[in-house]
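# What the coordinates show
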Amino acid sequence: MKINLNYLIILFSLSGLFLVGCNQDRNVYFEYVHIPEEGWSKDLEATFSPIIKDKNLSYNLKIELRHTNDYPYQNIWLFSTLYYQDSLLRNDTIQYLLADDFGEWYGKGYNTLYQQSLIYKDNFIFPDTGKYTIRIEHAMRDNILIGIEDIGLHIETN
């Protein structure tokens, strides 16, 4: 059976267009808060205000963290508070490992800056549409936490 080369080219081209057309943007919200050069004070809350337009979808929420080699610990503890309008929905205390037992940083790095995408909530369903507020603060013992450059929130649909 002889297959026409033009037929194969057209078939692969249409398949490629179909796959590109089906890959819709899953990002709903992505924002960073820059931490001052002197460090992340216990008093500084990183505040994010995503607007959720579809309460019938499930979402993945990720905390994005950029840190340097100056960060003195293997892990980080964070407090997270989720509000809908003015109502408190939930408080979370979460711990993330940033380095292995040998001090090698997880995530991606360049020079002395590292970025990690940390799972906050998987398959989370917001109870309603509208504006939410998520506040994140560090829960470490240091009053001023050094080595953290930026803290971010990334929300995407499943």
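The structure reproduced in this document is the subject of the present report. (Residues numbered from 1 in each chain as written. Predicted model: local features only at pLDDT ≥ 70, side-chain atom pairs only at ≥ 80, totals over all residues. Heavy atoms only, no water.)

### Quick look at the layout of surface pockets
Gaps left between atoms show up when a probe the size of a water molecule is rolled over them. What the largest pocket holds in volume is close to 150 Å³. A breakdown of the residues in the lining of the largest pocket according to their chemical character gives 4 nonpolar, 4 polar and 3 charged. (1 Å grid on protein atoms, 1.4 Å probe; cavity = no way out; pocket = protein on both sides within 12 Å on 5 of 7 lines; lining within 4 Å. Points joined across faces, edges and corners; volume = space filled by probe spheres on them. Nonpolar A, V, L, I, M, F, W, Y, C, P; charged D, E, K, R; others polar.)

### Some points on the environment of I151
With respect to the helices, strands and loops of the structure, I151 is situated in strand β12 (residues 148-157). Residues I151 and H67, 84 residues apart in the sequence, show an inter-C-alpha distance of 8.9 Å. Those residues in contact with I151 that lie beyond four places of it in its chain are E31, Y32, V33, I35, W40, A46, F48, I63, E64, L65, L78 and I136. (Helix = DSSP H or I, 4+ residues; strand = E, 2+ residues; numbered from the N terminus. Contact = heavy atoms within 4.5 Å.)

### Concerning the pairing of strand β6 (residues 75-84)
Counting buried positions over the 10 residues of β6 gives 7, a clear majority of the element. Two strands pair when backbone bridges link them, and β6 and strand β7 (residues 87-97) are joined in this way by 10 bridges, in the antiparallel orientation. Across the sheet, residue Y84 finds its bridge partner in β7, namely S87. Pairing geometry for β6 and strand β10 (residues 130-138), over 7 bridges, is antiparallel. (Buried < 20%, exposed > 50% of the residue type's maximum accessible area, 1.4 Å probe, protein only. Pairing = 2+ DSSP bridges.)

Honestly, that's just the spatial picture; any functional story needs more than this.
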